[in-house]
Amino acid sequence: MVPDAHRTRPGHAELGRVLTAAGVLAPDWAPAFASVPRAAFLLDLMWPFDMETGRSVPVSRRADPERWNRYADADVPIVTQWDDGVHSGTAPGHVPTSSASMPSVVTAMLRDLDVRPGCRVLEIGTGTGWNAALLARRVGAAHVVTVEVDDAVAAAARSALARFGLPVRVVHGDGARGCPEAAPYDRIIATCGLRSVPYPWVEQSRPGGIVVAPWGTHFGNGDALVRLVVSEHGDSASGRFRGPVEFMKLRAQRQPDVPHGAYVAGTVADGEESSSTVTEEQFPIGRFSPRDFALGLRVPDCVRVAGARDAGTRAVWFYGLSDRSWACVQFREARTSRVWQSGPRRLWDEVAAAHRWWEAHGRPGFDRFGLSVDRAGQRVWLDDPHHVLNRAPGPPS
C-alpha cells in the first residue's frame, strides 16, 4: 500500500510525462512508475545534485519540505550516503557511496532490461529500494531479489519496501557473488558501475536471459551501459553498449588509489620531456565520451586525472596501475603541448596512439563497441566479437 503522504505527487506525475515524451519511460513501465514515487524511498536528509552549481547540496525535509519535494521529483541523482556510512553532519562528505539514480537513467535501464510477466529478476545494488520497488510492481515482489553490500543501506531499503507493501527479498552481501540460492534468473540488473562483469551472474542466468549493467575502465569514472544476452548453453553472454552513464562502483571494483607522491617524488622535470601536436581542442576534457571510452580500452591499467585550467594551460596526468609509470601533458592554447613521461611505460605515447586509433576507425560511438563474458574472462570488441580490443582473465577455476 502506498503511504498516505505519497498517494498524490503532482511533481512525480509531471516527471513521468517528461520521461515518456523523451522515450526513456516505456509505455509498459508507466503504470509501475506512476504508482511508485521515488520520494517514498528517500531519507529526511539527502544530497541532490544541483545542476546549476554542479555540486551535491544538503536538503532536509524537516527544514525545507518544499525544496525537498521538488528535488525528490526532479530528474537528478541524489546521494543518500557518504564515505561508506562513516560520514556525519549535513555537509557533503568526501566520496558518495549510495544514491538514488536519475529517474531518466533508472527508466532507460528498465526499458533495456525487457522485463516480461513471470520474469525472475536479480538486482545488484539495492540502494534506497526504489528500483526494486518498480521491478516488484511490474513482476511481483516474490519474483525480485536484490543484493546490497552495506548492511545499514540494506536495512533501510528493506523497511521502505515493507512500508510500501512490497516485501522484496533484500540480501545483505557481496553483489559480485549474485544470489545463487535463488537462481536461476531471467533478468539481472546492476545499479553500480563495473570494471569486470562477475561470471556468477552468467552462471545464475537462464539461457536467453538478459544482464544490464554499467561498465567502464579505470581510465575514468564514466561508464557505458551494456546489455548482454546469455547464450543458449548458459555459459557465456554477449552484447553491445548502449550509451554513457555514471554510477558508484561495485565496492570490490573501485578505482585503486593513485597517490601522486608515490609516482612523482619531485617535479615533472624528473621525467623525460618531449612535445605533442595534440591540442586540448582535439583532446577535450569534460563529459564522458566515446573517445574517452576508447582510450580506456586501448590504454589499460591507467588512470587519467585532469587539472583545472589555469592561465590558459591545463595539466592532465596519467598514472599506471601495473607499475609506477606516469605522464603529464600540459595543454596550452593553440600551441604545441609539453609532455613529461617516466617509468617502463610511456603512457602519453600510448594515449596519443589510442587517440589516433579512434580517429582512424571513424570515431566509433558507444554502440559500435560490445562485450563478451565467459569463464575465460571478458573481451571488449569493435563491430564484431572477433575484433577484440581489450581482454581480461576470468575467475580462477
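Scroll up for the structure.
Described below are features of the structure shown in this document.

About the criteria used
- Residues numbered from 1 in each chain as written.
- Predicted model: local features only at pLDDT ≥ 70, side-chain atom pairs only at ≥ 80, totals over all residues.
- Heavy atoms only, no water.
- Helix = DSSP H or I, 4+ residues; strand = E, 2+ residues; numbered from the N terminus.
- Rg over C-alpha atoms; globule rule 2.2 N^0.38 Å.
- Buried < 20%, exposed > 50% of the residue type's maximum accessible area, 1.4 Å probe, protein only.
- 1 Å grid on protein atoms, 1.4 Å probe; cavity = no way out; pocket = protein on both sides within 12 Å on 5 of 7 lines; lining within 4 Å.
- Points joined across faces, edges and corners; volume = space filled by probe spheres on them.
- Nonpolar A, V, L, I, M, F, W, Y, C, P; charged D, E, K, R; others polar.
- Contact = heavy atoms within 4.5 Å.
- Expected span 1.5 Å × (residues − 1).
- Arc of directions from axis to C-beta.
- Polar contact = N/O pair within 3.5 Å; in protein donor to acceptor, adjacent residues only side chain to side chain.

### Observations concerning the overall build of the protein
Now for step 1: Looking only at helices and strands, the protein features 10 helices and 20 strands.
Now for step 2: The C-alpha atoms of the protein give 22 Å as radius of gyration, which agrees with the globular expectation for 397 residues (21 Å, within 12%).
Now for step 3: Its C-alpha atoms put the protein at 65 × 55 × 40 Å along the principal axes.
Now for step 4: Here the protein holds 397 residues, and the buried ones make up 51% of them.

### Section: empty space enclosed by the protein
Now for step 1: On inspection of all chains with the given rule, the structure shows 1 cavity of 30 Å³ or more.
Now for step 2: For the largest cavity, the calculated volume is near 30 Å³.
Now for step 3: Around the largest cavity, the lining residues are L25, W29, F33, T107, L110 and L134.
Now for step 4: By residue class, the composition of the lining of the largest cavity is 5 nonpolar, 1 polar and no charged.

### What about the environment of A392?
Now for step 1: Along the chain, A392 falls in strand β20 (residues 388-393).
Now for step 2: What makes A392 partly exposed here is its relative accessible area of 27%.
Now for step 3: Separated by 92 residues in the primary sequence, A392 and P300 have C-alpha atoms spaced 10.0 Å apart.
Now for step 4: In this structure, A392 is in contact with A376, G377 and Q378, ignoring residues within four places of it in sequence.

### Quick notes on the environment of A13
Now for step 1: Looking at the element boundaries, A13 is found in helix α1 (residues 10-22).
Now for step 2: Taking the C-alpha atoms as reference, A13 lies 12 Å from D75; in sequence the two are 62 residues apart.

### Re helix α6 (residues 151-163)
Now for step 1: The end-to-end C-alpha distance of α6 is 18 Å, a good match for the 18 Å that 13 residues give at a rise of 1.5 Å each.
Now for step 2: Among all positions of α6, only V153, A154, A157, A160 and L161 are buried. Burial along α6 is one-sided: seen end-on, the buried residues are contained in an arc of 130 degrees. Residues of α6 that are exposed and angled more than 90 degrees away from the buried face: A152, A162 and R163.
Now for step 3: Those residues of α6 hidden inside the fold are in contact with β4 (78-82), β5 (96-100), α5 (130-139), β7 (144-148) and β8 (169-172).
Now for step 4: One side-chain oxygen at the N-terminal end of α6 lies 3.0 Å from the backbone nitrogen of A152; it belongs to D150.

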